[in-house]
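One-letter residues, chain by chain:
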Amino acid sequence: MLMDNPWLTVATVVTVGVLRLMGDVIRWLAARSGERLRARTLAELVSRTAPGTVLTDHRPDGAALTIRRRAEERDGGGRGE
């Protein structure tokens, strides 16, 4: 026997739908936050390496993020030398 009250059935279906949607949003936000953390970590690694370094982050889904450190020019450093 299903629920006798049709409003209770509607409320249950809506509640389950909203909870699933909230779960999807939370997973999406967590993935986005993880991507930002990976990018920041890669940028931090590059900043600690020699000029001309190239680092690539390969992901399981086939995507890749590549960061290159430019060769820094030191023509007096802007100090008037």
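Bear in mind that the values here come from a model prediction, so they are computed numbers and not experimental data.

A. Quick peek at helix H1 (residues 6-47). If you check H1, its first and last C-alpha atoms are 62 Å apart, about what 42 residues at 1.5 Å a residue would give, namely 62 Å. Buried within H1 we find Gly23, Leu42 and Val46. Close packing links the buried residues of H1 with strand S1 (54-58) and strand S2 (64-68). The N-cap of H1, judged by a side-chain oxygen 2.9 Å from the amide nitrogen of Trp7 a few residues on, is Asn5.

B. Representation of the pairing of S1 in the model. Relative to S2, S1 runs antiparallel, the two being bridged by 5 bridges. Bridge assignment links Val54 to a residue of S2, and that residue is Arg68. As consecutive antiparallel partners, S1 and S2 are separated by 5 residues, and within that stretch Gly62 has a phi angle of approximately 95 degrees, a positive value.

C. Up close: the pattern of salt bridges. Applying the stated criterion across every chain, the model contains 5 salt bridges. A salt bridge links Arg59 to Glu35; the shortest N-O distance between them is 3.0 Å. Taken together, the positions of Arg59 in the loop between S1 and S2 and Glu35 in helix H1 put the pair 24 residues apart, joining distant regions of the chain. Residue classification places Arg59 among the buried residues on the basis of a relative accessible area of 13%. The exposure class assigned to Glu35 is partly exposed, which follows from its relative accessible area of 35%.

D. Broad picture of the environment of Val54. Following the sequence through the fold, Val54 ends up in strand S1. Residue class for Val54 comes out partly exposed when judged on its relative accessible area of 41%. Sequence separation of Val54 and Arg68 is 14 residues, and the distance between their C-alpha atoms is 4.4 Å. Among residues more than four places away in sequence, those in contact with Val54 are Thr66, Ile67 and Arg68.

E. How the structure looks around a nonpolar patch on the surface. A cluster of nonpolar side chains, namely Trp7, Val10, Val14, Val18, Leu19, Met22 and Ile26, defines an oily patch on the protein surface of about 750 Å² accessible area. Topologically, Trp7 is positioned in helix H1.

About the thresholds
Residues numbered from 1 in each chain as written. Predicted model: local features only at pLDDT ≥ 70, side-chain atom pairs only at ≥ 80, totals over all residues. Heavy atoms only, no water. Helix = DSSP H or I, 4+ residues; strand = E, 2+ residues; numbered from the N terminus. Expected span 1.5 Å × (residues − 1). Buried < 20%, exposed > 50% of the residue type's maximum accessible area, 1.4 Å probe, protein only. Contact = heavy atoms within 4.5 Å. Polar contact = N/O pair within 3.5 Å; in protein donor to acceptor, adjacent residues only side chain to side chain. Pairing = 2+ DSSP bridges. Salt bridge = Lys/Arg side-chain N within 4 Å of Asp/Glu carboxyl O. Patch = residues over 30% accessible without salt bridge, like charges linked within 9 Å, V, L, I, M, F, W, Y side chains within 5 Å. Areas by Shrake-Rupley, 256 points an atom, 1.4 Å probe, with all protein chains shown as cover.

By themselves these figures say nothing about function.
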